[in-house]
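A closer look at the structure
Spelled out from the first residue to the last, the chains are:
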Amino acid sequence: MSSLSLYDTLTRTTSEFIPLKAGEVGIYLCGATVQAPPHIGHVRSGVNFDILRRWLTRSGYNVTFIRNVTDIDDKILHKAVHEQAPWWAVAMKYERAFTDAYAALNVLPPTYEPRATGHVTQMIELMQLLIEKGAAYAPGNGDVYLEVRKLSSYLTLSRQKLDDLQPAADADETFKKDPRDFALWKAAKPGDPSWPTPWGAGRPGWHLECSAMAHAYLGEAFDIHGGGLDLIFPHHENEIAQSEAAGYAFAKRWLHNAWVTASGEKMSKSLGNSLQVHELLKSVRGIELRWYLGSAHYRSMLEFSHEALAESATAFRRIEGFLNRSVEILGAEPVPTISQVFTDAMNDDLAVPTALASISEALRAGNSAITAGDTATIENSANEIRGALEILGCDPFDPAFASSTAVEDIGAALDGVIQLALAQRTAARERKDFAASDQIRDGLAVLGITIEDTAQGPRWSITGNGSN
């Protein structure tokens with residue numbers, strides 16, 4: 001049986017995954033900076049790492065999964081000014097938007113979801129340790145910086161040269177020993193939120209937040225640190241610098257998901273090509289959007305188009321249709337099982353495209369078995385498909401999807417039936433068969449459906465007075 005192998009951004013190699021502690025896996029995923037509604041570029045990371053988590057759990061590991069919330073940041077403060085609202089209100093509004101998006105796509109809640117503002121004490125303790133070790137300094141203006149030239153391992157993740165870097169544009173350079181030193185703590189500015197420290201009031205630097213929270217929940221060493229490709233530098237590079245300067249082993253392995261692109265460019269609000277999750281969910285169901293976002297290998301770019309999303313949704317409905325047909329034939333829901341082909345694909349650095357090929361093969365066999373009346377093959381195919389979909393977070397029988405799907409389907413069917421009845425009533429009125437017209441209206445009224453004739457045509461509503 002194959003063992004799980006995963007890519008490591010640090011070494012640029014794929015190797016067998018061996019946890020630090022047998023049977024236990026600790027994962028830290030950089031979560032949202034809550035300054036705008038989530039677009040699909042944001043939630044792809046959530047979906048990709050949710051698949052990893054589900055596979056690790058299915059493989060027998062007890063997974064501690066941390067996904068933080070950055071709720072204090074320059075962008076949040078800027079948005080607060082723009083929206084004329086308190087910064088904390090802006091952060092909470094968009095944090096809820098992310099929570100809703102994750103839930104709509106069946107991304108499991110993290111084991112813990114720490115907010116940056118709830119861990120300032122841990123950040124101050126980490127800065128104190130770094131200053132004591134001579135790795136950081138406080139120039140006296142309220143800032144605290146990490147002295148990067150003292151770190152021999154700096155830039156090993158991104159493989160850049162220190163002298164080639166542009167100065168870190170995160171504070172006033174006049175207080176830095178080297179322009180490339182980065183801020184752990186930023187001195188308070190008039191009107192901005194601040195917290196007291198031994199070096200002056202201010203607020204945390206972005207990089208410091210994650211190092212402090214990872215240490216608080218996962219300890220000095222943990223198995224996997226994840227995030228998007230865009231976080232490799234400077235964020236993850238600076239997390240490593242802070243943590244290793246403090247004497248922590250930090251992350252054993254680094255995983256990074258690629259971007260969702262539009263016309264070859266990374267999704268971003270500044271480019272104007274962002275596609276918000278709540279808008280896309282008006283055209284496809286959450287299960288279909290998740291299927292699309294999870295279909296590419298996590299390290300491959302996913303070029304978005306509405307046509308590709310629609311094609312992906314149609315393909316998923318064929319799989320869903322077979323599973324529903326199997327229930328009709330067999331009289332029971334499929335029992336999730338994992339095939340060896342699917343296992344081998346997932347153990348190969350989460351090779352989801354190969355895993356999807358195994359689903360397609362099982363679907364082909366299952367549909368052929370329906371034609372042949374081969375119930376044993378129908379059952380086997382349905383079980384394997386459901387098992388695979390469960391890992392991919394796209395199980396249509398999962399209550400996270402089933403209830404909302406059922407309501408949507410019933411609503412669509414009800415609207416279709418009533419529209420058909422209204423069309424028949426309109427035809428009766430046009431041929432002056434008013435008795436038939438009234439009979440249709442009265443029949444709908446008995447069911448609790450009220451018809452209103454307007455200039456734009458008949459409209460219906462549920463009054464709740466029907467017998468059913």
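This write-up is about the structure you can find in this document. Since the structure is predicted, the reported quantities are computational estimates derived from the model, not experimental observations. (Residues numbered from 1 in each chain as written. Predicted model: local features only at pLDDT ≥ 70, side-chain atom pairs only at ≥ 80, totals over all residues. Heavy atoms only, no water.)

**Quick notes on helix 6 (residues 232-245)**
Owing to its 3.6 residues per turn, the α-helix aligns residues three or four sequence positions apart on the same side. Put simply, the rule reads: Working definition: helices are DSSP H or I runs of at least four residues, strands are E runs of at least two. Numbering for both runs from the N terminus. Working rule for helices: expected span equals 1.5 Å times residues minus one. Only protein chains enter the area calculation, which uses a 1.4 Å probe; residues under 20% of their type maximum are buried, those over 50% are exposed, and those in between are partly exposed.
Here helix 6 contains 14 residues, and its C-alpha end-to-end distance of 18 Å stays within 8% of the 20 Å for a straight helix at 1.5 Å per residue. Judged by how many residues are buried, helix 6 sits mostly within the fold: eleven of 14 residues are covered. Among all positions in helix 6, only Ile232, His235, His236, Glu237, Asn238, Glu239, Ile240, Ala241, Gln242, Ser243 and Ala245 are buried. Positive backbone phi, at 95°, marks glycine 247, one or two positions downstream of helix 6.

**With respect to the pattern of salt bridges**
Quick note on the threshold: A carboxyl oxygen of Asp or Glu within 4 Å of a side-chain nitrogen of Lys or Arg is what we treat as a salt bridge.
Within the structure shown, the criterion is met by 24 salt bridges. Across the pair lysine 93 and glutamate 83 runs a salt bridge whose closest N-O atoms are separated by 2.8 Å. With a gap of ten residues between them, lysine 93 in helix 3 (residues 87-104) and glutamate 83 in helix 2 (residues 74-83) connect regions that are remote in the sequence. Judged by relative accessible area, lysine 93 falls into the partly exposed class, the value being 42%. You can call glutamate 83 partly exposed: its relative accessible area is 26%. Among the ionic pairs, arginine 180 bridges to aspartate 178, the shortest N-O distance being 3.7 Å.

**Focus: the pairing of strand 4 (residues 62-67)**
How we decide: When DSSP finds two or more bridges between a pair of strands, those strands are recorded as paired. Convention used here: a crossover is right-handed provided that the path from the first strand, over the helix, to the second strand proceeds clockwise when the strands point away from the viewer.
Sheet analysis places strand 3 (residues 24-29) next to strand 4, joined by six bridges and oriented parallel. Bridged to isoleucine 27 within strand 4 is phenylalanine 65. The parallel pair strand 3 and strand 4, bridged by helix 1 (residues 40-58), forms a crossover whose chirality is right-handed.

**With respect to the sheet that holds strand 9 (residues 221-228)**
Cut-off, in case you're wondering: Angles run from 0 to 180 degrees between N-to-C directions of axes, and those axes are lines fitted to C-alpha atoms, restricted for helices to the stretch in contact. The contact criterion used throughout is that any non-hydrogen atoms of two residues lie within 4.5 Å.
Across the sheet, four strands lie side by side as 4-3-9-10; this open sheet has parallel pairing. The open sheet terminates on both sides in strands that have one partner only, identified here as strand 4 and strand 10 (250-257). Within this sheet the neighbouring strands show an average axis-to-axis angle of 25°, counted without direction. The sheet contacts of helix 5 (residues 206-218) involve strand 3, strand 4, strand 9 and strand 10, and relative to strand 3 the element is tilted by about 160°.

**Focus: the environment of tyrosine 94**
What counts, and what does not: Pairing of N or O atoms within 3.5 Å defines a polar contact, subject to two protein rules: one partner must be a possible hydrogen donor and the other a possible acceptor, and residues neighboring in sequence count only if both atoms are side-chain atoms.
Here tyrosine 94 is to be found in helix 3. For the pair tyrosine 94 and proline 37, spaced 57 residues apart in sequence, the C-alpha to C-alpha distance is 5.7 Å. Within the structure, the side chain of tyrosine 94 is placed 2.4 Å from the side chain of glutamate 83, a separation counted as a polar contact. Here the side chain of tyrosine 94 touches lysine 93 through a polar contact of 3.5 Å, side chain to side chain.

**Considerations on the packing of aromatic side chains**
What counts here: Each Phe, Tyr or Trp ring, with Trp reduced to its six-membered ring, pairs with another whose centre is within 6.5 Å; inter-plane angles below 30 degrees give stacked pairs, above 60 give edge-to-face pairs, and intermediate values give tilted ones.
Counted by the stated rule, this structure contains ten aromatic pairs. With 5.2 Å between their ring centres and 80° between their planes, phenylalanine 222 and phenylalanine 250 make a pair best called edge-to-face. Linking phenylalanine 222 in strand 9 with phenylalanine 250 in strand 10, this pair joins segments that are 28 residues apart in sequence. Across this residue pair, the class does not change: phenylalanine 222 and phenylalanine 250 are buried.

**Section: empty space enclosed by the protein**
Note the following rule: Lining residues are those with an atom within 4 Å of a point, where the points come from a 1 Å grid over the protein atoms alone and group into cavities, where a 1.4 Å probe fits but cannot get out, or pockets, open sets with protein on both sides within 12 Å along at least five of seven lines. Grid points are joined across faces, edges and corners, and a volume is the space filled by probe spheres set on the points. Ten residues, namely Ala, Val, Leu, Ile, Met, Phe, Trp, Tyr, Cys and Pro, are considered nonpolar, four, namely Asp, Glu, Lys and Arg, are considered charged, and the remaining ones, Gly among them, are considered polar.
Here the structure, examined in full by the defined rule, presents three cavities of 30 Å³ or more. In this structure, the largest cavity encloses a volume near 50 Å³. Looking at the largest cavity, the residues that line it are Asn48, Ile51, Gly294, Ala296, His297, Tyr298, Leu350 and Val352. Within the lining of the largest cavity, the residues separate by chemical class into five nonpolar, three polar and no charged.

**Description of the pairing of strand 2 (residues 13-16)**
The side chains of a regular strand alternate between the sheet's two faces. The pairing of strand 1 (residues 5-8) with strand 2 spans four bridges and is classified as antiparallel. Along strand 2, the bridge assignment pairs serine 5 with glutamate 16. The turn joining strand 1 and strand 2, which pair antiparallel and follow one another in sequence, is formed by four residues; a positive phi near 60° is taken by arginine 12.

**Description of the sheet that holds strand 11 (residues 260-262)**
One open sheet accounts for three strands, arranged 12-11-13; its pairing is mixed. On the outer flanks of this sheet lie strand 12 (265-266) and strand 13 (302-303), each paired with one strand and no other.

**Overview of helix 2**
Defined as follows: Directions pointing from the helix axis toward each C-beta atom define the arc.
Of all the residues in helix 2, the buried ones are Ile76, Leu77, Lys79 and Ala80. On an axial view of helix 2, the arc spanned by its buried residues comes to 160°, and they lie on one face. Opposite its buried face, helix 2 presents the exposed residues Lys75, His78, Val81 and His82, each directed more than 90 degrees away. The residue sitting at the N-terminus of helix 2 and contributing the capping side-chain oxygen is aspartate 73; that oxygen lies 2.7 Å from the backbone nitrogen of lysine 75.

**Re the state of the cysteines**
Applied cut-off: Criterion for a disulfide: a pair of cysteine sulfur atoms within 2.5 Å.
Across all of its chains, the model carries zero disulfides by this definition. Summary of cysteine pairing: cysteine 30 is not part of a disulfide, and the nearest cysteine sulfur, belonging to cysteine 210, is at 3.9 Å. Residue classification places cysteine 30 among the buried residues on the basis of a relative accessible area of 9%. The exposure class of cysteine 210 is buried, given its relative accessible area of 1%.

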